[in-house]
Amino acid sequence: MDFVLPTAVLSLMDGLELAGYPAYVVGGCVRDRLMGRAPHDFDICTVAAPHQMRASLPGFRLLSTGEAHGTLTAVVAGASYEITTFRIDGEYADHRRPDSVRYVSELGQDLARRDFTINAMAYHPCQGLVDPFGGREDIAQRLVRCVGDPAARFEEDALRVLRALRFAATCDFAVEPATASAALAACHTLAYVARERILTELTKLLRASAPHRGLRDFAPVLAAAAPGLAPLAENKERWAQAVRRVCAAPDSAAERWTALLWDIPDAACDLLRELRSDNATRQRVEALLAAKELSLTPERAVLLRALHRLGPQATRQLVALRQAGAPTLAALEALLNENPCYSVAHLAVKGADLLALGLRGPEVGRTLEALLDAVIEGRVENRREALLHILQGPCAH
Ligand code: ATP
Ligand code: MG
């Protein structure tokens, strides 16, 4: 296998190797490269302990962010690369990853502590691929499979249950049957995982290119991760529908969450709060769900009303979530191209014009809304004279 590594990575590996410490790239970058995808970051593992990394890489800027776990971060030309000592995890308590680690001397031991075969490969420019657990074969078979006994691996660290589903979704792989049934059996241990981490994994899973891979057969896992999902997860038909909706939605966090929660709008807010979602995402989901019943057809006035209420971005999202169909989306885009008037701010008359006409206080706002309504319904053009004219007419406000 020919793996072209960035110069920065090669120089870090060279520095370590020249000092006598074998070094490899490992994990996600090897997986992504074998899958023909561009790796988004390169992790290095080595036998050197952090103080030995420092001594071997004198010219480099090394940050000690994860030093307690054997990780230094090298910053080269603005990009960062994690370098981690070969290690195994300490004792697992409460189904969570341990705080302590133990350094080891063999790459094989380090690979064995990793979660899935596709993530447990390393590469060295001279030695080539190191793949003791058949990760390459699993990539060919498109399978997410635990390294070792899946029940034991999930028992050690409950987060792996969600990681399995997430990698299935992001790689468009199936979860290998023994791994899948162990994941389902380990559901209850998710109660031990911090909710922020659950949210992070679920959002990655939802935003993936093939979310159905991690959702369809795993309703009980999702209900254990976010108990508010239970009403959906316990009903086969509703769950299947939710999964289809997620797959069809645009891939932003808010839209995918909205798609998942479409059928249980009243539970959405609590569920996202419970998982410590940021306010912006939560409010976006709530706004989209609140507009569920809003009429959305290709007629101009209908679309202008939606734009008035939601703004262009959320209207587009809603059309997509509703699967309202191509004509509606095309009509919306054509309308937006005209810079239409759908908000009081777009009107050709301003509050000051109304004050000049003698209107006062709340009347001003009400009149502007009435004018907007007339423009949206096509009763008057959005031109200053036309608007002033109807204001002076008999049925002004
Ligand atoms: P991504 O593309 O999402 O970054 P990744 O494979 O790099 O994928 P990370 O979460 O960044 O995933 O972790 C890096 C590597 O560390 C993984 O490839 C895996 O080998 C190992 N790893 C991470 N989390 C765990 C875990 N909970 N249990 C075992 N190994 C893990
Ligand atoms: Mg990574």
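Provided above is the structure to which this section pertains.
Here's a quick rundown of the structure. Worth saying up front: this structure is predicted, and the values here are computed from it rather than measured.

1. Points about the overall build of the protein
- Secondary structure assignment for the protein yields 21 helices and 11 strands.
- Taking the principal axes of the C-alpha coordinates as reference, the protein spans close to 90 × 50 × 35 Å.
- For the protein, the share of sequence-separated contacts (at least 6 apart) that also reach a separation of at least 24 residues comes to 62%.
- Just so you have it, the protein exposes about 18500 Å², and 51% of that area is on carbon and sulfur atoms.

2. Details of the packing of aromatic side chains
- Taken as a whole and judged by the stated rule, the model has 4 aromatic pairs.
- Where Phe-3 meets Tyr-123, the ring centres are 5.1 Å apart and the plane angle is 50 degrees; that geometry is what we call tilted. Of the two residues, Phe-3 is situated in the segment before α1 (7-18) and Tyr-123 in strand β8 (residues 122-124); the sequence distance between them amounts to 120 residues. Tyr-123 matches Phe-3 in its accessibility class, with the two residues each being buried.
- On the numbers, 6.4 Å between centres and 40 degrees between planes, the contact of Tyr-24 with Phe-86 is tilted. Here Tyr-24 is found in strand β1 (residues 23-26), whereas its partner Phe-86 is found in the loop between β5 (79-85) and β6 (87-89), with 62 residues between them in sequence.
- For Tyr-24, a relative accessible area of 8% translates into the label buried.
- Here Phe-86 falls in the buried class, since its relative accessible area comes to 2%.
- Each residue in the set Phe-3, Phe-42 and Tyr-123 is aromatic and connected to the rest through ring pairs, giving one cluster.
- Note that Arg-166 overlies the ring of Phe-167, its terminal NZ or CZ placed 4.4 Å from the centroid.

3. Considerations on the layout of surface pockets
- If you add up the space inside the largest pocket, you get close to 1200 Å³.
- Sorting the residues of the lining of the largest pocket by element identifies α2 (28-34), β2 (43-46), β5, β6, α7 (159-171) and α9 (195-207) as the ones contributing at least two each.
- For the lining of the largest pocket, the residue count by class is 11 nonpolar, 11 polar and 20 charged.

Quick notes on the rules
Residues numbered from 1 in each chain as written. Chains lettered and ligands numbered in written order. Predicted model: local features only at pLDDT ≥ 70, side-chain atom pairs only at ≥ 80, totals over all residues. Heavy atoms only, no water. Helix = DSSP H or I, 4+ residues; strand = E, 2+ residues; numbered from the N terminus. Contact = heavy atoms within 4.5 Å. Areas by Shrake-Rupley, 256 points an atom, 1.4 Å probe, with all protein chains shown as cover. Phe/Tyr/Trp six-rings, centres within 6.5 Å; stacked < 30°, edge-to-face > 60°. Buried < 20%, exposed > 50% of the residue type's maximum accessible area, 1.4 Å probe, protein only. Lys NZ or Arg CZ within 6 Å of the ring centre and 35° of its normal. 1 Å grid on protein atoms, 1.4 Å probe; cavity = no way out; pocket = protein on both sides within 12 Å on 5 of 7 lines; lining within 4 Å. Points joined across faces, edges and corners; volume = space filled by probe spheres on them. Nonpolar A, V, L, I, M, F, W, Y, C, P; charged D, E, K, R; others polar.

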